[in-house]
Amino acid sequence: MRVRRVPFLDEYAEGGESAVLVGDRVLVLSELATTILAAIGDETVSVDVVAAVLEEAFGAPPDGTDLPGATAAAVQELVAQGLLEIAASDLEPGTAQ
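Residues numbered from 1 in each chain as written. Predicted model: local features only at pLDDT ≥ 70, side-chain atom pairs only at ≥ 80, totals over all residues. Heavy atoms only, no water.

Caption draft 1: Molecular detail of the pairing of strand E1 (residues 2–5). Of the two faces of E1, only the one carrying Val3 and Arg5 is buried; Arg2 and Arg4 on the other face are not. Taken together, the 2 bridges between E1 and strand E5 (residues 45–46) define a ladder with antiparallel strand orientation. Paired with Arg2 across the two strands is Ser46, which belongs to E5. One ladder, built from 3 bridges, connects E1 with strand E6 (residues 84–86); its direction is antiparallel. Bridging from a neighbouring strand, Val3 pairs with Ile86 of E6. (Buried < 20%, exposed > 50% of the residue type's maximum accessible area, 1.4 Å probe, protein only. Helix = DSSP H or I, 4+ residues; strand = E, 2+ residues; numbered from the N terminus. Pairing = 2+ DSSP bridges.)

Structure (structure tokens):
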């Protein structure tokens, strides 16, 4: 799966966390979510690339959690919050994002 950031009207980062203005909503993001958004930047990026960035930033999950799976779940949550969108080429035919 490949994802990209939606356009933000404004973004503020401090201490590893951030707040973003998307439409008429302000969302305060954890360090993990902020790192995911930074890893994606202005590009369309695969979840595997994001997982590698998270592993470099935070290390491997200490409890043995599947990093690619956990990264995909975190990315899906950011999609649900309207901060990311799945690349059109990765959508199933007949679906809209």
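Caption draft 2: Structural context of the sheet that holds E5. Pairing in this open sheet of 3 strands is antiparallel, and the strands run E5-E1-E6 from one edge to the other. Among the strands making up the open sheet, the edge pair consists of E5 and E6. Relative to E1, helix H1 (residues 31–40) is tilted by about 100 degrees, and along the sheet it contacts E1, E5 and E6. (Contact = heavy atoms within 4.5 Å. Axes fitted to C-alpha atoms, helices over the stretch in contact; angles between N-to-C directions.)

Caption draft 3: Examining the pattern of salt bridges more closely. Overall, the coordinates contain 2 salt bridges when judged by the stated rule. A salt bridge links Arg4 to Glu85, with the nearest nitrogen and oxygen atoms 2.7 Å apart. Of this pair, Arg4 sits in strand E1 while Glu85 sits in strand E6, and the two are 81 residues apart along the sequence. Relative accessible area serves as the criterion here: at 26%, Arg4 is assigned to the partly exposed category. By relative accessible area, which is 26% here, Glu85 ends up partly exposed. Among the ionic pairs, Arg5 bridges to Glu11, the shortest N-O distance being 3.0 Å. You can call Glu11 partly exposed: its relative accessible area is 37%. (Salt bridge = Lys/Arg side-chain N within 4 Å of Asp/Glu carboxyl O.)

Caption draft 4: Expanded view of the pairing of strand E3 (residues 17–22). Residues Ser18, Val20 and Val22 line the buried face of E3, whereas the alternating positions Glu17, Ala19 and Leu21 sit on a face that is not buried. Judged from the 5 bridges that link them, strand E2 (residues 10–14) and E3 form a sheet pairing that is antiparallel. What sits directly across from Asp10, in E3, is Leu21. If you look at the hairpin formed by E2 and E3, you'll find 2 residues sitting between the two strands, and Gly15 has a positive phi there, around 60 degrees. From the end of E3 to the start of strand E4 (residues 25–29), which pair antiparallel, there are 2 residues, and Gly23 there has a positive phi angle of about 60 degrees.

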